[in-house]
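The lines below spell out each chain.
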Amino acid sequence: MFHKEGSKIIAIALGLFTIGLLTANRFLEKGWLFYLIATTLVVLLILILQFFRNPSRIAPNDEGVIVSPVDGKVVVIEEVFEKEYFKDKRLQVSVFMSPLNVHVTRYPGAGDVTFSKYHPGKYLVAWHPKASEENERTTVVVKTEKFGEVMHRQIAGALAKRIVNYAEEGEVVTQGGESGFIKFGSRVDIYLPVGTKIAVALNQKVKGASSIIATV
């Protein structure tokens, strides 16, 4: 199953793949150059298809846990001052996504969307210290039953040129439901109340909607 955000790109990739293969078959003999071109086209097509895959995920539907919003690796666990919305100290957990990860962003907890905002910006590498403040990004806050307000922020990276955000203020969302999509590599920051029990470690690999990030 592929995500709707990739429909146009997948269609273009399939068209270019077909044209490239037919052209190579028409003008080249079945030698090393032909097979090199054919293999390259197949690999590129597979990479595009796997990037836009959208596997089915079943969230725990547990108000007492926060799940990872994306697939990737935990690269930050620290207490920070969040100045856009909370304007106080929060526990930040950041998950970095490589181009090989599933790039669907999901709600870490169920509740009411109290804030949703898009910020245009730069395209620094996702692990850059200033990426969360200067890169293109979207900020979403959901008021949950057990954790209060929980923020997750999609941050564009050097390759990500488009962030899609589905969250709308006032709507009621479910844990693990689709919150957005980031095209081609990036990271997501989660901001939790100080004192929340973190259930992951640095460099741990996590799966969106499945891996538990924190507990009450």
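I will try to describe carefully the structure that is included in this document. Everything numeric here is computed off the predicted structure, so don't read it as measured data.

**Observations concerning the overall build of the protein**
Helix and strand counts for the protein stand at three helices and 14 strands. Viewed in the frame of its principal axes, the protein has a C-alpha envelope of about 65 × 35 × 30 Å. Taken over 216 residues, the protein has a buried fraction of 47%. Long-range contacts, defined here as pairs at least 24 residues apart, represent 73% of the contacts in the protein between residues at least 6 apart. Accessible surface, the protein as shown: approximately 11,000 Å² in total, 61% of it carbon and sulfur. On the protein, the mean spot of the 26 positive side-chain charges and the mean spot of the 21 negative ones are 7 Å from each other.

**As for unusual backbone geometry**
Backbone geometry follows two general trends: most residues other than glycine have a negative phi, and most peptide bonds adopt the trans configuration. Non-glycine residue Lys87 carries a positive phi angle of around 55 degrees. As for its placement among the helices and strands, Lys87 is situated in the loop between strand E2 (72-82) and strand E3 (88-97). One non-glycine residue with positive phi stands out, namely Ala209, at about 75 degrees. Relative to the helices and strands, Ala209 resides in the loop between strand E13 (205-206) and strand E14 (212-215).

**Focus: the packing of helix H1 (residues 7-27) against helix H2 (residues 32-51)**
The interhelical angle for the contact between H1 and H2, taken along N-to-C directions, is 170 degrees, at an axis separation of 10 Å. Considering the angle they form, H1 stands roughly antiparallel to H2. Taking contact as the criterion, the partners of Ile9, Ile10, Ala13, Leu14, Phe17, Gly20, Leu21, Ala24 and Asn25 in H1 are, on H2, Phe34, Ile37, Ala38, Leu41, Val42, Leu45, Ile48 and Leu49. A per-class count over the contact of H1 with H2 returns 15 nonpolar, two polar and no charged.

**Topic: the sheet that holds E14**
With antiparallel pairing, the three strands of this open sheet are ordered in space as E1-E14-E12. What marks the edges here is a single partner per strand, and that holds for strand E1 (65-67) and strand E12 (197-198). The pairing of E1 with E14 spans three bridges and is classified as antiparallel. When the sheet's bridge partners are listed, Val67 is paired in E14 with Ile212.

**Remarks on the sheet that holds strand E8 (residues 162-165)**
Reading across from one edge, E4-E10-E8 is the order of the three strands in this open sheet, with antiparallel pairing throughout. Looking at the sheet topology across the chains shown, the edges are occupied by strand E4 (104-106) and E8. Put simply, the sheet's adjacent strands are angled 20 degrees from each other on average, direction ignored. Strand direction decides the pairing type here: E4 and strand E10 (residues 178-183), joined by three bridges, are antiparallel. Note that in E10 the partner of Val104 across the bridge is Phe181.

**Details of the nonpolar core**
Among the nonpolar cores identified, the biggest contains 19 residues, and Ile66, Leu192 and Ile213 are the most heavily contacted of them. For this core, the secondary-structure elements that each account for two or more residues are E3, strand E7 (148-156), strand E11 (186-192) and E14. With four residues, E3 is the largest single contributor of residues to this core. The contact partners of Ile66, leaving out residues within four places of it in the chain, are Pro108, Gly109, Phe147, Val150, Gln175, Leu192, Ser211, Ile212, Ile213 and Ala214. Among the nonpolar cores identified, the runner-up in size contains seven residues, and Ile10, Phe51, Val104 and Phe181 belong to it.

**Things to note about the environment of Lys4**
Note on placement: Lys4 falls in the segment before H1. When the C-alpha atoms of Lys4 and His103 are compared, they prove to be 12 Å apart, with 99 residues separating the residues in sequence.

**Some thoughts on a nonpolar patch on the surface**
Among the surface-exposed residues, Trp32, Leu33, Leu36 and Ile37 lie close enough to one another that they form a single nonpolar patch of about 420 Å² accessible area. Considering the arrangement of structural elements, one finds Trp32 in helix H2. Note on Trp32: relative accessible area 67%, which makes it exposed.

**Some words on the pattern of salt bridges**
On inspection of all chains with the given rule, the structure shows six salt bridges. Two residues, Asp71 and Arg57, come together in a salt bridge whose shortest N-O distance is 2.9 Å. In this pair, Asp71 sits in the loop between E1 and E2 while Arg57 sits in the loop between H2 and E1, placing the two residues 14 residues apart along the sequence. Here the two residues Asp71 and Arg57 agree in accessibility, since each one is buried. Across the pair Lys89 and Glu79 runs a salt bridge whose closest N-O atoms are separated by 3.9 Å. Of this pair, Lys89 sits in strand E3 while Glu79 sits in strand E2, placing them 10 residues apart in sequence. Given the relative accessible area of 51%, Lys89 is considered exposed. Through salt bridges that share partners, Glu82, Glu84 and Arg153 make up one connected network.

About the thresholds
Residues numbered from 1 in each chain as written. Predicted model: local features only at pLDDT ≥ 70, side-chain atom pairs only at ≥ 80, totals over all residues. Heavy atoms only, no water. Helix = DSSP H or I, 4+ residues; strand = E, 2+ residues; numbered from the N terminus. Buried < 20%, exposed > 50% of the residue type's maximum accessible area, 1.4 Å probe, protein only. Contact = heavy atoms within 4.5 Å. Areas by Shrake-Rupley, 256 points an atom, 1.4 Å probe, with all protein chains shown as cover. Lys, Arg positive; Asp, Glu negative; His and termini not counted. Charge placed at Lys NZ, Arg CZ, Asp CG, Glu CD. Axes fitted to C-alpha atoms, helices over the stretch in contact; angles between N-to-C directions. Parallel < 35°, antiparallel > 145°, perpendicular 65-115°, else oblique. Nonpolar A, V, L, I, M, F, W, Y, C, P; charged D, E, K, R; others polar. Pairing = 2+ DSSP bridges. Core = buried A, V, L, I, M, F, W, Y, C linked by side-chain atoms within 4.5 Å. Patch = residues over 30% accessible without salt bridge, like charges linked within 9 Å, V, L, I, M, F, W, Y side chains within 5 Å. Salt bridge = Lys/Arg side-chain N within 4 Å of Asp/Glu carboxyl O.

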